[in-house]
Every structure is written in C-alpha cells, then in structure tokens.
Amino acid sequence: DQVGQVEIELVVLRDYNQLELIELYKEAKVVFDWCMRGSERVPLEASLFGAILFTNNCESGSDFSDFPIPSKYKFNHENIRTSNDDVSKSLIDFKKWFKDTLQDVLINYWIRLSDFAPLRW
C-alpha cells in the first residue's frame, strides 16, 4: 500500500520467534498496538529499536507513566460509536487519523523519533 508517495508494508507479528522479532523491529518505523492491556512487550521492544508506537488510550495506553508518548500518537477510541452510521463515521475518523499520523511520521521520522525518548529510558 502507499501513503502519499511512501510505500509501506504491514506485518502482523504472529508466530515469530524472538530472533525473528528483533530483525523485524530493526526494520520497523511504526508499530501499532490496539488497546494495550498490562505489560506489552511488542511495543516496548520495538520502540527500543526505533519504532514509533501508535495506539489508543484504552487500558495501559492511557497511562502516561506506562507509555510516555504524546497524545497525537493515540487514537481516541472513546469517539467510536455503536450505531451503524456512527461506526462508519468512526472508521472514517480512524482511517484519517492513522493516515495523517503515519504520513507525518514517515516524512519526519528522525524528528518524530525524539518524541519517544522517554519510552526508551
């Protein structure tokens, strides 16, 4: 797929051993974890290798002491509605947020990476 003029590849992290995960983390620019519960290894480990975390403010993602990242990298899941019309609008909102945020990160990666310094300390 493409965001703007940047080609992207999506990899679902399932059934990889630790060495394979490390290689994927080294290549990743972004890691996305929806509704983190408890101590989440993937976003923490990936961020140590320079991946920028996208999440929402559900469970652990809402706790700045667990994930000290700026709110612009967290989708406000509380805006998701339950009726059919509202779900469609929520998906459009999510798609716009994700596309805009991803495009900004891919274009300004080295600048945006500094937003995640507290997560790597």
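Above: the structure in question.
In short, a report on the structure. Small disclaimer: the values here were computed from a predicted structure and weren't measured.

Some points on the environment of Leu-106
Along the chain, the position of Leu-106 falls in helix α3 (residues 84-107). Take Leu-106: its relative accessible area is 23%, and that puts it in the partly exposed class. The sequence separation of Leu-106 and Ile-8 amounts to 98 residues, and the corresponding C-alpha distance is 9.4 Å.

A word on the packing of aromatic side chains
The final tally for this structure, using the stated rule, is 8 aromatic pairs. Measuring from centroid to centroid gives 5.7 Å for Phe-54 and Trp-97, while their planes differ by 55°, and the two rings are tilted. Taken together, the positions of Phe-54 in strand β4 (residues 52-56) and Trp-97 in helix α3 put the pair 43 residues apart, joining distant regions of the chain. Judged on exposure class, the residue Phe-54 and its partner Trp-97 are both buried. Ring geometry for Phe-54 and Phe-98: centres 5.5 Å apart, planes at 80°, overall edge-to-face. Of this pair, Phe-54 sits in strand β4 while Phe-98 sits in helix α3, and the two are 44 residues apart along the sequence. For Phe-98, a relative accessible area of 24% corresponds to the partly exposed category. These aromatic residues form a ring-pair network of at least three members: Phe-32, Phe-54, Tyr-73, Trp-97, Phe-98 and Phe-116. Of note, Lys-29 hangs over the ring of Tyr-109, and the distance from its end group to the ring centre comes to 4.6 Å.

Some words on helix α2 (residues 41-48)
When α2 is considered as a whole, its buried residues turn out to be Pro-43, Glu-45, Ala-46 and Ser-47. Buried residues in α2 make contact with α1 (18-27), β3 (30-32) and β4. Looking one or two residues past α2, Gly-50 carries a phi angle of roughly 100°, positive in sign.

Some words on the sheet that holds strand β5 (residues 74-75)
Pairing in this open sheet of 3 strands is parallel, and the strands run β3-β4-β5 from one edge to the other. Strand pairing shows two members of the sheet lacking a second neighbour, β3 and β5, which therefore form its edges. Relative to β4, β3 is paired through 3 bridges, and the arrangement is parallel. Opposite Val-31, over in β4, you have Leu-53 as the bridge partner.

Here is what the cut-offs are and how they apply
- Residues numbered from 1 in each chain as written.
- Predicted model: local features only at pLDDT ≥ 70, side-chain atom pairs only at ≥ 80, totals over all residues.
- Heavy atoms only, no water.
- Helix = DSSP H or I, 4+ residues; strand = E, 2+ residues; numbered from the N terminus.
- Buried < 20%, exposed > 50% of the residue type's maximum accessible area, 1.4 Å probe, protein only.
- Phe/Tyr/Trp six-rings, centres within 6.5 Å; stacked < 30°, edge-to-face > 60°.
- Lys NZ or Arg CZ within 6 Å of the ring centre and 35° of its normal.
- Contact = heavy atoms within 4.5 Å.
- Pairing = 2+ DSSP bridges.

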